[in-house]
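# Structure at a glance
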Amino acid sequence: MPTTTDKTCGVVVAMLLVSSALLAQSAAPAQAGKPPAPAATAAPTPAPPSAQPAQSSPEAYTYDADGRRDPFVSLVAHGVESPSGKKSDGLAGLTTAELMVKGILHSRNSFIALVAGPDGKTYQAHVNDRLVDGTIRSVTPQGLVIVQDVNDPLSLVKQREVRKGLRASEDGK
């Protein structure tokens, strides 16, 4: 006596046979106007190179912004670049967050700060020197005072004062 599993398998096989028969019937009218294909007994001769269609290389993907931002560009900027696409050299190419005060020099009644960038290079920073996101307001024996431009459209404050100390405090600031 056949079981339920055997009956189910029989139904599935029958459905597959019916669907393959329907596919064969729908393909037959499309091929009715074509002559039968020759038997593949001999290897076909390749067409001369001039008669072969040229291989088209796949097109590179380009993003059409259409007034929107590119979703594949990071929102977190790793340093601001100039409009030409190159980062400025020297102190003007560093952000406030990238600076680390290494030393303070006293020269001709003014102070000069020695600051290190993320690349390990040391730069001299004077009062009114420009950074990517701010300006050095003052150099004191304790460190730097920088007026940083706030780049937040929702903030009411457009500039803030950042102090970079010579010696890091116990808080890590």
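You'll find the structure just up there.
All chains use their own residue numbering, which begins from 1 and follows the written sequence. For this predicted model, a pLDDT threshold of at least 70 governs which residues receive local features, and a threshold of 80 or more governs which side-chain atom pairs are given and counted, while totals over whole chains, interfaces and linings are taken from all residues. No hydrogens and no water enter the side-chain calculation; it runs on all heavy atoms of the structure.

## Some remarks on the pattern of salt bridges
Just to be clear on terms, a salt bridge is a Lys or Arg side-chain nitrogen sitting within 4 Å of an Asp or Glu carboxyl oxygen. For the structure on display, the rule yields three salt bridges. The shortest N-O distance in the salt bridge between Asp149 and Arg130 comes to 3.4 Å. Remark: Arg130 occurs in strand E4 (residues 130-131) and Asp149 occurs in strand E6 (residues 143-149); sequence separation between them is 19 residues. The rule is simple: take the accessible area with a 1.4 Å probe, protein chains only, and divide by the maximum for that residue type; under 20% is buried, over 50% is exposed, in between is partly exposed. Look at Asp149 and you get partly exposed, because its relative accessible area is 30%. Look at Arg130 and you get partly exposed, because its relative accessible area is 42%. Residue Arg137 is joined to Glu161 by a salt bridge in which the shortest nitrogen-to-oxygen separation is 2.4 Å. Here Glu161 lies in strand E7 (residues 159-165) and Arg137 lies in strand E5 (residues 134-140), a separation of 24 residues in the sequence. Exposure remark for Arg137: the relative accessible area of 46% places this residue in the partly exposed category. Glu161 sits in the partly exposed class, given a relative accessible area of 42%. Numbering goes from the N terminus for both helices and strands, where a helix is a DSSP run of H or I of at least four residues and a strand is a run of E of at least two.

## Some remarks on the side chain of Gln148
Among the structural elements, Gln148 can be located in strand E6. Note on Gln148: relative accessible area 11%, which makes it buried. Side chain to side chain, Gln148 and Asp133 meet in a polar contact 2.8 Å long. Under this definition, polar contacts are N or O atom pairs within 3.5 Å; protein pairs additionally need one hydrogen-donor-capable and one acceptor-capable atom, and for neighbouring residues in sequence, both atoms have to be side-chain atoms.

## Notes on the sheet that holds strand E2 (residues 110-116)
Spatially, the three strands line up as an open sheet ordered E1-E2-E3, and their pairing is antiparallel. Here the strands that pair on one side only, and so sit at the sheet edges, are strand E1 (100-107) and strand E3 (122-125). Sheet twist, expressed as the average angle between the axes of neighbouring strands with direction ignored, equals 25 degrees. As judged from the four bridges shared by E2 and E3, these two strands associate in the antiparallel manner. Bridge pairing in E3 links Val115 to Tyr123. Only strands that DSSP links by at least two bridges are regarded as paired with each other. Orientation is described by lines fitted to C-alpha atoms, with helices fitted over the stretch in contact, and by angles between N-to-C directions that extend from 0 to 180 degrees.

The values reported here are purely geometric and, on their own, carry no functional implication.
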